[in-house]
Amino acid sequence: MTALLRVDNVDKIFSRRGKTAVEALRGINFSIEEGEFVSIVGASGSGKSTLLRIIDGLLEPTKGAVFVDDARVEKPGRDRAMVFQQDSLLPWKTVIENVAYGLTLAKSPWPQASKVAERFVAMTGLAGFESHYPHQLSGGMRQRVNVARALAVDPRILLLDEPFAALDAQTREIMQTELLKIWQESRKTVLLITHQIDEAVFLSDRVIIFSARPGTVREEIKIDLPRPRDLELKRTPEFVGLVDHIWKLIEAEVRLGVTASEG
Amino acid sequence: MRPIFDFLEQDTRLASLLRVLLSAICVLVLWQVVSLFVTNRLLLVPPADVAVALFHEIQNGDLWTNAVATVTAVVSSFLVSVAIGIVIGLALASSRLLSLTGGPVLSALNSVPIIALAPLFVAWLGLGFASKFVLVLMVAVFPVVVTTEAGLRAADKPLIEAARSFNATKLQIFTTVTFPYALPFIVSGVRVAWARALVGIVVAEFFGSFAGFGFAILSASQTFDTARVLGYVFVLGAMGLIGSVSFAALERHLAPWRQE
């Protein structure tokens, strides 16, 4: 089986004139199979968001390349769609218009675009809120719109950039189970970036652990927990063991980050 | 009394209209009372006299003649300055070089009290429409330029990134993100421009015209007809208020998410 997404020896160095260059990523190598759910966890500053932007085509790698189905990624394309953190919705557009945004940019006529959008509005539990504006929705609802917008363009790979980071703990747990349901329904390939270890373990088939500054792949762990999963799983010893193991791998770096930001 | 207060504090259209009426009545009553004690009619005339003078101006047609002269000049010049202001703002926002080289010149021009150049404009362009038009243009264009550029530059980075992620072209990013984001900024600049345009037109008419509100105010004050002066000032105030209220409403309509 060939990989759907292949990240091949990617380095990223940010160099700005007059400032010291920052090495964000070094020698990143991994691949994702069709239909797989993979998460990347790492301390802040491990360059995981940068990597996601390189995969999406928003940033260019300094060295190496990303391939989707053996085609080199050079710019954003319809085979990938990104779910951003909070507040990337257009505030002057309604829910349905926001969900259809990717389609209208691709010049899809409104009757078709809105029909497709309606399907994903329903799938993400937003039915009844089609003509609301983002500022009238809660944080959790806004992220549903964000997910629906990405799904609406029918990408092969869904890229999620800490999509639930700004939500409160309870809403986050609900959104995790919703995301699993949507994933099972749509059978997309998913790459999720998160700093929440339990989120990564709960959702994924595989977790890739990044080390910080520069970001490198420290370890890949297969999550062999049975599916479908529900929140009960988070209390099983297997789950807790996996979370603990990953935490130990990145603990030192997280602590370093905490003292650095405090100092 | 309590129920009346509660009603007036409501957030409805009727309540806010009543609040405006109430404060206007208070001002008028206060004015009338003060003018009972200040009896020198050169210094202060009671509101009733102003109303009479204004009514007289309507009857003899002067108000209409002056309104035509002032409104045609100020509205046409205002519209042109909004258009020019947006175009210059767009140009400045799209080119860093242009913004860096042209910006200082514009802010220097903006800080010169252009009103003071009114006599010069009259000397160059003669009495009448042309000098009014240019003076209003010069004072009204800057707020639009500044807010257009600022609004276009303020566009949210995450919104632009999301658009890029969905493969938006440069033009699509402009039409679907940058410009809608800047629109309420531009309208707030337009609101300031309208207020400035009214000042500009009055000053222009002081210096060089044979008709218009500014001309009428000047000639009335030269004959010490304070009631007529205040009558025209009242009309100008109403024009300013209507503009300000409607542009503020437009701003709210374009950016409802900023209210909450």
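Residues numbered from 1 in each chain as written. Chains lettered and ligands numbered in written order. Predicted model: local features only at pLDDT ≥ 70, side-chain atom pairs only at ≥ 80, totals over all residues. Heavy atoms only, no water.

### Here we look at helix H10 (residues 213-222) of chain B
All names here are of chain B. The condition that has to hold: Using a 1.4 Å probe on the protein chains alone, a residue whose accessible area is under 20% of its type maximum counts as buried, one over 50% counts as exposed, and one in between counts as partly exposed. In this text, helices come from DSSP runs of H or I with a minimum length of four residues, and strands from runs of E with a minimum of two, each type numbered from the N-terminal end. Comment: arc refers to directions from the helix axis out to C-beta atoms. Contacts were defined at the residue level, with two residues in contact if any of their heavy atoms lie within 4.5 Å.
By the burial criterion, the buried members of H10 are Phe213, Gly214, Ala216, Ile217 and Ala220. Take H10 and look down its axis: the buried residues cluster within an arc of 160 degrees, on one side only. Where H10 is buried, its residues meet helix H4 (62-94), helix H9 (170-207) and helix H11 (226-254).

### Notes on the interface of chain A and chain B
Going by this rule: By definition, the buried area sums, over both parts, the 1.4 Å-probe accessible area that each loses when the two are put together. For this document, the term salt bridge refers to a Lys or Arg side-chain nitrogen within 4 Å of an Asp or Glu carboxyl oxygen. Think of a polar contact as two N or O atoms within 3.5 Å of one another; within protein, one of them needs to be a possible hydrogen donor and the other a possible acceptor, and neighboring residues in sequence only count if both atoms come from side chains. Charged means Asp, Glu, Lys or Arg here, nonpolar means Ala, Val, Leu, Ile, Met, Phe, Trp, Tyr, Cys or Pro, and polar covers whatever is left, Gly included.
Taken together, the contacts link 25 residues of chain A with 19 residues of chain B. Roughly 1,900 Å² is buried in total at the junction of chain A and chain B, and carbon and sulfur atoms are behind 63% of that figure. Contact with chain B buries area across many residues of chain A, yet Trp92, Leu105 and His135 of chain A alone supply 34% of it, more than any other trio. Joining chain A to chain B, the criterion identifies one salt bridge. With a closest N to O distance of 2.6 Å, Glu161 of chain B and Arg53 of chain A form a salt bridge. Summed over the shared surface of chain A and chain B, the result is six residue pairs in polar contact (both at pLDDT 80 or more). Residue assignment for the side of chain A that touches chain B shows that the elements contributing at least two residues are helix H1 (48-56), strand E6 (80-83), helix H3 (101-105) and helix H5 (139-152) of chain A. Here the side of chain A that touches chain B takes four residues from H3 of chain A, the largest share from any one element. Classifying every residue of the side of chain A that touches chain B gives 13 nonpolar, five polar and seven charged.

### Focus: the sheet that holds strand E9 (residues 206-211) of chain A
Residue and element names in this part refer to chain A. In plain terms, the rule: One bridge is not enough; two strands pair if DSSP finds at least two bridges between them. Axis definition: a line fit to C-alpha positions, over the contact stretch in the case of helices; interaxial angles, taken between N-to-C directions, run 0 to 180 degrees.
The six strands are arranged E6-E7-E8-E3-E9-E10 in an open sheet whose pairing can be described as mixed. The sheet terminates laterally at E6 and strand E10 (216-222), the two strands that pair on one side only. In this sheet, neighbouring strand axes are inclined to one another by 20 degrees on average, regardless of whether the strands run parallel or antiparallel. Inspection of the sheet shows strand E3 (residues 37-41) paired to E9 by four bridges, in the parallel sense. Each bridged residue has a counterpart across the sheet, and for Ser39 the counterpart in E9 is Val207.

### Section: unusual backbone geometry
Residues and elements named next belong to chain A. Here the bond from Arg227 into Pro228 is cis, since omega is -10 degrees, no more than 30 degrees from zero. Mapped onto the elements, Pro228 comes out in the loop between E10 and helix H8 (237-262). Located in the positive-phi region is Asp154, a residue other than glycine, with phi close to 55 degrees. As for its placement among the helices and strands, Asp154 is situated in the loop between H5 and strand E7 (157-161). With relative accessibility at 54%, the residue Asp154 sits in the exposed group. Positive phi values are uncommon outside glycine, yet Arg187 reaches one of about 50 degrees. Inspection of the secondary structure puts Arg187 in the loop between helix H6 (169-186) and strand E8 (189-194).

### Things to note about the environment of Trp124 of chain B
Residues and elements named next belong to chain B. Mapping Trp124 onto the fold places it in helix H6 (residues 118-125). A relative accessible area of 60% means that Trp124 is categorised as exposed. Expressed as a C-alpha distance, the spacing of Trp124 and Val199, which sit 75 residues apart in the sequence, is 20 Å.

### Overview of the domain arrangement of chain A
All names here are of chain A. Note the threshold: Domain start and end points were adopted from an automatic or database domain assignment.
If you check the domain split of chain A, you get domain 1 (34-60 + 158-263) and domain 2 (85-154). Here domain 1 and domain 2 have C-alpha centroids that lie 25 Å from each other. In this assembly, 14 residues from domain 1 lie in contact with 12 residues from domain 2. Of the roughly 1,200 Å² buried between domain 1 and domain 2, counting both surfaces, carbon and sulfur atoms make up 68%. When the buried area of domain 1 at its contact with domain 2 is split by residue, Met175, Ile182 and Lys188 rank highest and sum to 35% of it. Our count for the domain 1 to domain 2 interface comes out at two salt bridges. When the shortest N-O distance is used, the salt bridge between Glu178 and Arg144 registers 3.0 Å.

### Quick notes on the packing of helix H3 (residues 47-59) of chain B against H11 of chain B
Residue and element names in this part refer to chain B. For clarity, the threshold we go by: With respect to orientation, any angle under 35 degrees is reported as roughly parallel, any angle over 145 as roughly antiparallel, any angle of 65 to 115 as roughly perpendicular, and every other angle as oblique.
One can describe the packing of H3 onto H11 by two numbers: an axis separation of 8 Å at closest approach and a directional angle of 80 degrees. Of the possible angle classes, the one that applies to H3 and H11 is roughly perpendicular. Each of Asp49, Val50, Ala53, Leu54 and Glu57 in H3 lies in contact with H11, whose residues at this interface are Ala227, Arg228, Leu230, Gly231, Tyr232, Phe234 and Val235. Residue composition of the contact of H3 with H11, grouped by class: eight nonpolar, one polar and three charged.

### Some words on the packing of aromatic side chains
As a reminder of what qualifies: A pair of aromatic rings is counted whenever rings of Phe, Tyr or Trp (Trp by its six-membered ring) have centres within 6.5 Å, and the orientation is called stacked for planes under 30 degrees apart, edge-to-face for over 60 and tilted otherwise. For a Lys NZ or an Arg CZ to count as sitting over a ring, it must be within 6 Å of the ring centre and within 35 degrees of the ring normal.
For the structure on display, the rule yields 10 aromatic pairs over all chains. Aromatic pair Phe37 of chain A and Trp183 of chain A: ring centres 5.5 Å apart, planes at 80 degrees, arrangement edge-to-face. In this pair, Phe37 of chain A is assigned in strand E3 and Trp183 of chain A in helix H6, connecting sequence segments 146 residues apart. Of the two residues examined, Phe37 of chain A and Trp183 of chain A, each falls in the buried class. Between Tyr181 of chain B and Phe185 of chain B, the aromatic rings sit 6.2 Å apart at their centres with planes inclined by 25 degrees, giving stacked as the arrangement. Taken as a pair, Tyr181 of chain B and Phe185 of chain B lie in helix H9 at a separation of four residues, close to a single helical turn. Taken together through their ring pairs, the aromatic side chains of Trp92 of chain A together with Tyr181 and Phe185 of chain B make up a single cluster. Above the face of the Trp183 of chain A ring, Arg187 of chain A is positioned so that its terminal group lies 5.0 Å from the ring centre.

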